[in-house]
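# Secondary and tertiary structure notes
Chain residues, written in single-letter form:
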Amino acid sequence: MAAERIDTDRLVLVPLRVDHAHEMAEVLADPSLYAFFAGAPPTAEIMRTRYAYLVAGSPDPAVSWCNWVVHLREADCLTGFAQAIVTRSDQGSTAVISLVTGRPWQGRGIGGEAALGMLGWLRGQGVDTVVADIHPDNRASAAAAARSGFTCTGEVLHDRLRWRLRLSGSRR
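Given the structure is predicted, the values throughout are model-derived calculations rather than measurements.

A few words now on the overall build of the protein chain. For the protein chain, the helix and strand inventory stands at four helices and eight strands. Overall, the protein chain shows an N-to-C arrangement of helices and strands of β-β-α-α-β-β-β-α-β-α-β-β. Relative to the 2.2 N^0.38 estimate, which gives 16 Å for 172 residues, the radius of gyration of the protein chain is 15 Å and therefore close to what a compact globule would have. Taking the principal axes of its C-alpha atoms as reference, the protein chain extends roughly 40 × 35 × 35 Å. Within the protein chain, the proportion of its 172 residues that are buried is 43%. Within the protein chain, residue pairs in contact and separated by at least 24 positions form 61% of the contacts whose partners lie at least 6 positions apart. Each charge class in the protein chain can be summarised by its mean position, and for the 18 positive and 18 negative side chains these summaries are 4 Å apart.

In structure tokens, the structure reads:
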């Protein structure tokens, strides 16, 4: 499975390319974005190296790395990223997703719209279950997950709460 372009009302989720690194380093430059996960704002060079690795794809044929940058049409700029790590097995397929919206674009529903676009795409790819691991203090992400239909399972993994969504009507 490979990331494909996803269009929503205001956004285009564009499959990740190495040349997105410079603009994404600017999008991710606000240190407050790192309150709920380890790290610091990356340089463009760090992003180029990271993106080259991600674009190369998973070395495990049962795992697909699907990565997008989120483009806001009205402003003609990138606002964040979305990713899904999809694992297929005899029991079905599961995607672990994450989304980050840059600070200047938060509070405008961009992350939620990107999530719904990605969820629709994953459903169309036959993914059965989607999970998101959210820091318990990250109320905005928890609220967005709940609005998207996720349920908190109560499972704790590396200081994060696991949220789960079963995709009905998946094509297999």
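Our focus in this paragraph is the environment of Pro136. Here Pro136 lies in the loop between β6 (129–134) and α4 (139–147). When its relative accessible area of 47% is taken as the criterion, Pro136 is described as partly exposed. Sequence separation between Pro136 and Asp159 is 23 residues; the distance between their C-alpha atoms is 7.8 Å. With sequence-adjacent residues up to four places away left out, Pro136 is seen in contact with Asp159, Arg160 and Leu161.

Under the counting rule described, the total for this entry stands at nine salt bridges. Where Arg73 meets Asp7, a salt bridge forms, and the shortest distance between an N and an O atom there is 2.8 Å. Taken together, the positions of Arg73 in the loop between β3 (63–72) and β4 (77–89) and Asp7 in strand β1 (residues 6–7) put the pair 66 residues apart, joining distant regions of the chain. Residue Arg73 is classed as partly exposed on the basis of its relative accessible area, which comes to 34%. Two residues, Glu74 and Arg108, come together in a salt bridge whose shortest N-O distance is 2.9 Å. Of the two residues, Glu74 sits in the loop between β3 and β4 while Arg108 sits in the loop between β5 (92–101) and α3 (110–124), which places them 34 residues apart along the sequence. Under the relative-accessibility criterion, Glu74 is labelled exposed at 62%. Its relative accessible area of 34% is what places Arg108 among the partly exposed residues. Connected via shared salt-bridge partners are Arg5, Asp7 and Arg73.

Calculation notes
- Residues numbered from 1 in each chain as written.
- Predicted model: local features only at pLDDT ≥ 70, side-chain atom pairs only at ≥ 80, totals over all residues.
- Heavy atoms only, no water.
- Helix = DSSP H or I, 4+ residues; strand = E, 2+ residues; numbered from the N terminus.
- Rg over C-alpha atoms; globule rule 2.2 N^0.38 Å.
- Buried < 20%, exposed > 50% of the residue type's maximum accessible area, 1.4 Å probe, protein only.
- Contact = heavy atoms within 4.5 Å.
- Lys, Arg positive; Asp, Glu negative; His and termini not counted.
- Charge placed at Lys NZ, Arg CZ, Asp CG, Glu CD.
- Salt bridge = Lys/Arg side-chain N within 4 Å of Asp/Glu carboxyl O.

Read these as geometric descriptors, not functional statements.
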